[in-house]
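One-letter residues, chain by chain:
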Amino acid sequence: MNMGPFFLPFFYTFSTRLRGNPFSLLYLILFEWTIAISVLFFVQGYTFLQSLGFYLLSYLAFISIYEIGYFVNDIFSIRYEKVPRARLKNTNITSRLVILIIGVRLTVFAFITTVLDFWHEPRWTGIFIALVIIFSIHNLIRKEDLKPITFLGLASLRFFGPILSFISSETFHLLLPPFILCYLVYRFLSYLDSKDLLRIPSRADTRWKVNYYSIVTILNCFLSLYLDSLIPFLLSIYFLVLWSVAFVCFPSLNSKETFRSV
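Residues numbered from 1 in each chain as written. Predicted model: local features only at pLDDT ≥ 70, side-chain atom pairs only at ≥ 80, totals over all residues. Heavy atoms only, no water.

J.: Account for the overall build of the chain, naming residues and giving values.
T.: For the chain, the count of helices and strands is nine helices and zero strands. Ordered by position from the N terminus, the helices and strands of the chain form the series α-α-α-α-α-α-α-α-α. Here the C-alpha atoms of the chain give a radius of gyration of 19 Å, agreeing with the 18 Å that 2.2 N^0.38 yields for 262 residues. Counting across all 262 residues of the chain, residues that qualify as buried make up 47%. (Helix = DSSP H or I, 4+ residues; strand = E, 2+ residues; numbered from the N terminus. Rg over C-alpha atoms; globule rule 2.2 N^0.38 Å. Buried < 20%, exposed > 50% of the residue type's maximum accessible area, 1.4 Å probe, protein only.)

Shown next as C-alpha cells:
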C-alpha cells in the first residue's frame, strides 16, 4: 500500500474508511459538513465565506488529531478485535513512519490553532483534551462490548468538535436535542450493527432509514414547539428528505449492503 497520501490530514481517513464506498464520502459531506456549515451560516450569522473558512480550518485541525486515533486503532487495537478490519495490510509500518505521520498532524493542528488564535480558547482546548482521552480509552479497551460507550463520545465530538468554538451557548442548547435524535442515536445503532453487537437486518434498506427519520421528525416537531425554534424540525426534515430521495432515486440499492456503513 502506498503510504504517501497518508501524511496529509484527512487522506488517511479517505484511504482507509471512505474510498471503498462512495456513499460514505457523500454521507460525510451531506450529514456532517453541510449541516455544520449551515449552522454557522444560517443560525450563527457568519457570512458564507466565513462559515466555510472557519469550518474548513477547524475540521482540518480536528481530523488531524482524530486520525492519530484512527492510526493507533489500525496498528494496535485491531489485534484485539473479534472481527478485525485490516486497513494497513501489506504495509511496512516503521517507527520513523509512525513519528512522521503523527508529527505532521500535530504540526497542522498547532498551526491552525495559532492562526485561529485559539490556544487560550477553553472550548477549543477542552474539546481536544476530551478527544484525546476518549479516543485513548476507546483504543485501549479490549472488551468490545464496552466500546459503544466511548463511541458515543467520539460521535458527539465529530459533530460538535469543529464548530463548538464558533457557536454561542444558546445555539448549542438548541442543537443538542435534535442532534441526539437525528445523528447520535442513528450513528450508535449503526455502530452496534456493524460490530454485530446488535443485529438490525433491515438497517441497510433505505426504507428503514426513512421510517427512522419519519418518527424522529414527529419528536422534533415537539422539540421545536418546546424550544420555540424551527431548528429541530428543519434538521430532521433535512435528514428525512435526503433518505427519501435515496429511497426513490436508488431503488436497486435499497436492499443491499451499500448503505449499511452509513
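Next, the rest of the story.
J.: Lay out the nonpolar core with the relevant residues and their values.
T.: Core analysis: the biggest nonpolar cluster contains 65 residues, and Tyr66, Phe128, Leu131, Tyr213 and Trp243 have the highest contact counts within it. If you tally residues by element for this core, the top one is helix α3 (residues 48-75), at ten residues. Sequence-distant contacts of phenylalanine 128, defined by excluding residues within four places in its chain, comprise Ala61, Phe62, Ile65 and Phe109. (Core = buried A, V, L, I, M, F, W, Y, C linked by side-chain atoms within 4.5 Å. Contact = heavy atoms within 4.5 Å.)

J.: I'd like a rundown of a nonpolar patch on the surface, residues and numbers included.
T.: A grouping of Phe41, Phe42, Val43, Phe48 and Leu49 is seen on the molecular surface, where their side chains present a nonpolar patch of about 530 Å² in accessible area. At the level of secondary structure, the elements contributing two or more residues to the nonpolar patch comprise α2 (22-43) and α3. It is α2 that contributes the most residues to the nonpolar patch, three residues altogether. Position of phenylalanine 42 among the secondary structure elements: in helix α2. (Patch = residues over 30% accessible without salt bridge, like charges linked within 9 Å, V, L, I, M, F, W, Y side chains within 5 Å. Areas by Shrake-Rupley, 256 points an atom, 1.4 Å probe, with all protein chains shown as cover. Salt bridge = Lys/Arg side-chain N within 4 Å of Asp/Glu carboxyl O.)

J.: Describe in detail helix α5 (residues 122-140), supporting the description with residues and values.
T.: The terminal C-alpha atoms of α5, which comprises 19 residues, lie 27 Å apart, in line with the 27 Å expected from a rise of 1.5 Å per residue. Trp124, Ile127, Phe128, Leu131, Phe135, His138 and Asn139 are the residues of α5 that are buried. With its buried residues spanning 95° around the axis, α5 presents them on a single face. Every exposed residue of α5 that faces more than 90 degrees away from the buried side is listed here: Pro122, Ile129 and Leu140. By the N-cap criterion, in which a side-chain oxygen at the helix start approaches the backbone nitrogen of a residue two or three places on, α5 is capped by glutamate 121, the distance to arginine 123 being 3.2 Å. (Expected span 1.5 Å × (residues − 1). Arc of directions from axis to C-beta. Polar contact = N/O pair within 3.5 Å; in protein donor to acceptor, adjacent residues only side chain to side chain.)

J.: I'd love a proper account of the pattern of salt bridges, names of residues and values included.
T.: Once their charged atoms are close, side chains differing in charge can pair, the charge on each being opposite to the other. Taken as a whole and assessed by the stated rule, the structure comprises ten salt bridges. The partner of glutamate 32 in a salt bridge is arginine 158, with the nearest N and O atoms 3.4 Å apart. With a gap of 126 residues between them, glutamate 32 in helix α2 and arginine 158 in helix α6 (residues 147-160) connect regions that are remote in the sequence. Using a relative accessible area of 4% as the deciding quantity, one classes glutamate 32 as buried.

J.: Can you lay out the packing of α3 against α5 for me, pointing to particular residues and giving the numbers?
T.: As a packed pair, α3 and α5 sit with axes 9 Å apart at the nearest point and diverge in direction by 15°. Taken together, the axis directions place α3 and α5 in an arrangement best described as roughly parallel. In this structure, the crossing between α3 and α5 has a hand that is right-handed. Only Trp124, Phe128, Leu131, Val132, Phe135 and Asn139 of α5 make contact with α3, whose side of the interface consists of Ser58, Ala61, Phe62, Ile65, Tyr66, Gly69, Tyr70, Val72 and Asn73. (Axes fitted to C-alpha atoms, helices over the stretch in contact; angles between N-to-C directions. Parallel < 35°, antiparallel > 145°, perpendicular 65-115°, else oblique. Left-handed = near helix turned anticlockwise from the far one by under 90°.)

J.: An account of helix α1 (residues 11-18) is requested, with residue identities and associated values reported.
T.: With six of eight residues buried, α1 is to be regarded as a mostly interior element. Taken residue by residue, α1 has Tyr12, Thr13, Ser15, Thr16, Arg17 and Leu18 as its buried positions.

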